[in-house]
Amino acid sequence: MTDTISLTGTIATPLKRVSTTSGISLVTFRLASSQRRYDRSRAVWVDSDTNWYSVNVYRQLADHADASLDKGDRVFVSGRLRIRNWQKDDRSGTSVEIDAESLGPDLLFGTTTFTKAAGRAAPAPGAADEHDENATDPQQAPPQDPSGHLETPVTTAAPGSGSEPGVPSAPPPPTHVAVPAAAPALVPAASKPPSPVDQQPGWHVVGEEAPF
């Protein structure tokens with residue numbers, strides 16, 4: 001189980017920066033943390049016993065700590081607490097370490113100016129952004145003129161075709177399409193002279209309109 005601790009203290013040693021075997025930045029220093037209490041008998045604030053911690057700072061946080069902090073600075077530290085027993089020759093003891101996850105100056109003792117770390121690099125000048133609405137899509141349809149017809153690009157002659165480079169090629173000759181001759185118009189048959197039966201009242205030929 002990993003315990004998390006947050007405390008304030010004073011950087012008691014110069015910051016030491018190294019690189020791990022895998023190339024990760026590492027900054028270490030000793031932190032002295034003591035609690036202050038008010039002595040009513042003397043009417044003054046006094047420091048109680050001091051606790052000592054070995055602070056390990058990794059990666060980008062280590063780079064920022066190395067550029068921002070120094071010995072004697074009052075800081076706030078939050079991270080994972082590790083307690084280990086050690087023994088060397090005839091000496092032994094207990095090591096209390098903090099793998100820092102957050103680290104910064106304690107503003108109770110002063111002021112500071114914050115500079116935000118640079119983010120993603122800006123695109124090269126002239127490069128179209130993928131979210132730019134005005135960027136040209138190489139796969140978009142050809143532009144249209146106001147009349148609604150597609151604009152046809154001018155075709156230039158290829159080298160060796162007999163035409164000068166850069167000069168528009170002549171349009172292809174018109175294609176002759178055979179059009180079938182129009183069917184002869186139907187000529188209406190000559191009207192038949194009315195028969196005597198048609199002249200009699202009350203009679204009419206089937207299919208023709210009655211005279212009355």
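Residues numbered from 1 in each chain as written. Predicted model: local features only at pLDDT ≥ 70, side-chain atom pairs only at ≥ 80, totals over all residues. Heavy atoms only, no water.

Colleague: Please set out the side chain of D99 residue by residue, giving values where relevant.
Modeller: Tracing the sequence through the fold places D99 in strand β6 (residues 91-105). Looking at D99, the relative accessible area reads 7%, which means it is buried. For D99, the side chain forms a polar contact with the side chain of N56, separated by 3.2 Å. Those residues within four positions of D99 in sequence are excluded, and the remaining contacts are N56, Y58, G79, R80 and R82. (Helix = DSSP H or I, 4+ residues; strand = E, 2+ residues; numbered from the N terminus. Buried < 20%, exposed > 50% of the residue type's maximum accessible area, 1.4 Å probe, protein only. Polar contact = N/O pair within 3.5 Å; in protein donor to acceptor, adjacent residues only side chain to side chain. Contact = heavy atoms within 4.5 Å.)

Colleague: With reference to specific residues and values, describe unusual backbone geometry.
Modeller: Positive phi is not limited to glycine here, since A43 has a value of about 60°. Mapped onto the secondary structure, A43 falls in the loop between β3 (25-39) and β4 (44-58). Of note, the phi angle at R59 is positive, near 55°, even though the residue is not glycine. Residue placement: R59 occurs in helix α1 (residues 59-68).

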